[in-house]
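Per-entry structural report
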Amino acid sequence: MHGLINKGIERFVIDTYGQTTWLEVAGQARLGFTEFEAMLTYEPCLTDRMLATIAERLRRPREAVLEDFGTFLVASPSLPAIRRLMRFGGVTYQDFLHSLDELSDRVRLAMDDLILPQLTLIEQGQGQFRLRCKPGLEGFGHVMVGVLRAMADDYGALAVLDHHGYGEQGEEIAIAIVQDPFSEGKTFELGVRCA
Amino acid sequence: MTAREDSMDLICPMHAILDTDGIIRHAGPTLQKLRPDTGMVGRRILEMFEVTRPQGIDCAAGLMAMRGRTLHLRFRDAPHTAFKAVSVPDPSGTGLLINLSFGISIVEAVQDYALTHADFAATDLTIELLYLVEAKSAAMDASRRLNQRLRGARDIAEEQAVTDALTGLTNRRGLEVMMKRLIARNGRFALMQVDLDFFKQVNDRLGHDVGDQVLRRVGQIMREETRDRDVVARVGGDEFVLIIDSPVSVVAVEQIGARLISRLREPMAFDRETSRISCSIGSVFSSDYDAPEIAQLFKDADIALYASKNAGRGRHVFHHQLKPAGTGVHVKDPTNV
């Protein structure tokens, strides 16, 4: 599993539940260290053990943890880059949804060893969509539900999201845009001055 | 605004239509956005922009003559954003249609002018370019942080190392730890200080690569000539120390020294080069002292080594063989051991 994903989960636990909780998770999951490196690759079993431990400690289903993680990726001020990179997808939430087909290619363009499952958006009319996540990274669909929810908020769109479980073709998410946009949303400028 | 201008604004939002006098008759929305307080229409293009390449274009006629050529422009007032441009005859007039793009200045431009998606044509790759710039700099940041942490870890590891990286032998720090341990448990041992003779010449004549190979080979020979429980350390460029743990007798240590001297004298072949070295040894026994101290042992081994070198290269001298006050040194010929 790519270190960037593991590092993201670590950041999520520390920022949301505190350093102490993270150190307990790292110990209980027998990681053998307390800090992931974003640019290294780790055995997938480490990520599985870490997620199982987090779910157990927080007494929440693994799916809910993954969804919270997805929301955190976009909404957390400590990871501003991800939200910005997502916003390059388009001017409106609909544009953004259409850009998801390219997400795994875009990610690979930036980091060629970070392989995300291919996403396909299926338009069903009247603001209804289905997003298909190809298999390969179990639970990625739940992370995407969190990402899509936070991005709707960012664009000022009101969207209802539903994870439709796992099928042969992977995971599927139902998206219904109720209103686009219902509020102003956050501004997005292409260039930001570095502090 | 004409339907044609509308279409052009969508496809080329940074274009301008000029008349034959070089006066801007229409400016695309993004171009106009760059100078929101100055209406561009009605102004001379060369008043607003300087043509930096090709050089020497300072009148409308000059600009007209450059049709189809790549131009480099720059705003005359700040921010002095640079542009690439190309012009063609205006299809519906007598003037010029000129289209501008930011080129490499895009990263500053989006910051200077707070540009958004809507300011670029849908087919323009600028958004993808900016995406890559941000994604790559985020990845570079992460890489840089990893490198810094790795460098820190390496420095600490080197500081704590007890092994000499070149030969794999114990280093000075490791040697002192071992000696302290031996002294603490009242162990008996011999300390042999070994200096290579003629090593500097090998280094000078055959280069550092061969020099390094010689040092590695010397380390290997020293390991072969000692037991596992003995310590072989490299404590300086061509300085080695052997700790013989619980030596059976003085003669046993003499024999180790003699074998070392004889094996190190053998020419060593590396590729086409042959190196010839030898070694001088000074030794002390911990049992010669009531309370052996590391510093004292080294000092006396040094004195013995010095005496050995003075007696000619390739010798082995024991500190207890030296007469007090360093007069009339008696040196045993190693070949007679």
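Residues numbered from 1 in each chain as written. Chains lettered and ligands numbered in written order. Predicted model: local features only at pLDDT ≥ 70, side-chain atom pairs only at ≥ 80, totals over all residues. Heavy atoms only, no water.

What follows covers the pairing of strand E12 (residues 278-285) of chain B. Residues and elements named next belong to chain B. Of all the 8 residues making up E12, 8 are buried; the element is thus mostly covered by neighbouring parts of the structure. Neither face of E12 is open: one carries Ser278, Ser280, Gly282 and Val284, the other Cys279, Ile281, Ser283 and Phe285, and all of them are buried. Alignment of strand E7 (residues 189-197) against E12, held across 8 bridges, turns out to be antiparallel. Each residue of the ladder has a partner; that of Asp195, found in E12, is Ser280. Relative to strand E13 (residues 316-318), E12 runs parallel, the two being bridged by 3 bridges. The residue of E13 that forms the bridge with Ser283 is Phe318. On the question of chirality, the crossover connecting E12 to the parallel E13 by way of helix H11 (residues 294-310) is left-handed. (Buried < 20%, exposed > 50% of the residue type's maximum accessible area, 1.4 Å probe, protein only. Helix = DSSP H or I, 4+ residues; strand = E, 2+ residues; numbered from the N terminus. Pairing = 2+ DSSP bridges. Right-handed = clockwise from strand over helix to strand, strands pointing away.)

Once that is clear, we can look at helix H3 (residues 44-58) of chain A. Residue and element names in this part refer to chain A. An ideal rise of 1.5 Å per residue puts 21 Å on 15 residues; H3 measures up with 21 Å between its terminal C-alpha atoms. Against helix H1 (3-17), helix H2 (19-28) and helix H4 (62-75) lie the buried residues of H3. A positive backbone phi angle near 50° is found at Arg59, which sits one or two residues after H3. (Expected span 1.5 Å × (residues − 1). Contact = heavy atoms within 4.5 Å.)

So, on to the sheet that holds strand E8 (residues 231-234) of chain B. All names here are of chain B. Across the sheet, 5 strands lie side by side as E8-E9-E7-E12-E13; this open sheet has mixed pairing. Of all strands in the sheet, those with a lone pairing partner are E8 and E13, marking the two edges. The average angle at which neighbouring strand axes cross in this sheet is 20°, direction not considered. As defined by bridge partners, E8 adjoins strand E9 (residues 239-245) across 4 bridges and the pair is classed as antiparallel. Counted as the bridge partner of Val232 is Leu242 from E9. Each of E7, E9, E12 and E13 is contacted by helix H10 (residues 250-265), which is oriented at about 165° to E12, the strand it contacts most. Sheet contacts for H11: E7, E9, E12 and E13; angle to E12, the most-contacted strand, approximately 140°. (Axes fitted to C-alpha atoms, helices over the stretch in contact; angles between N-to-C directions.)

Residues and elements named next belong to chain B. In this structure the tally under the stated criterion is 34 salt bridges over all chains. With a shortest N-O distance of 3.9 Å, Arg313 and Asp197 are connected by a salt bridge. Here Arg313 is found in the loop between H11 and E13, whereas its partner Asp197 is found in strand E7, with 116 residues between them in sequence. On the basis of relative accessible area, Asp197 is assigned to the buried category, the value being 0%. Residue Arg227 is joined to Asp230 by a salt bridge in which the shortest nitrogen-to-oxygen separation is 2.8 Å. By relative accessible area, Arg227 is classed as partly exposed at 34%. (Salt bridge = Lys/Arg side-chain N within 4 Å of Asp/Glu carboxyl O.)

Moving on, we come to the sheet that holds strand E6 (residues 96-101) of chain B. Residues and elements named next belong to chain B. Here 6 strands make up an open sheet; going across it, the order is E2-E1-E6-E5-E4-E3 and the pairing antiparallel. Both outer strands of the open sheet, strand E2 (24-27) and strand E3 (49-53), are each paired with one neighbouring strand and no more. Each strand axis lies, on average, 35° off the axis of its neighbour in the sheet, ignoring direction. Here E3 runs beside strand E4 (residues 70-75); their pairing, made up of 4 bridges, is antiparallel. Bridged to Val51 within E4 is Leu73. Against the sheet, helix H1 (residues 3-11) touches strand E1 (15-18), E2 and E6, its axis set at about 145° to E1.

This paragraph deals with unusual backbone geometry. Among all residues except glycine, the phi angle is most often negative; among peptide bonds, the trans geometry is most common. Residues and elements named next belong to chain B. Cis rather than trans, the peptide bond between Arg53 and Pro54 has omega equal to -10°. Put simply, Ala78 and Pro79 share a cis peptide bond, and its omega is -10°. Along the chain, Pro79 falls in the loop between E4 and strand E5 (82-89). With a phi angle near 55°, Asn186 is a residue other than glycine that sits in the positive phi range. As for its position among the elements, Asn186 is in the loop between helix H7 (172-184) and E7. At Phe198, a position not held by glycine, the phi torsion is positive, near 65°. Summarising the element assignment, Phe198 is placed in the loop between E7 and helix H8 (199-206).

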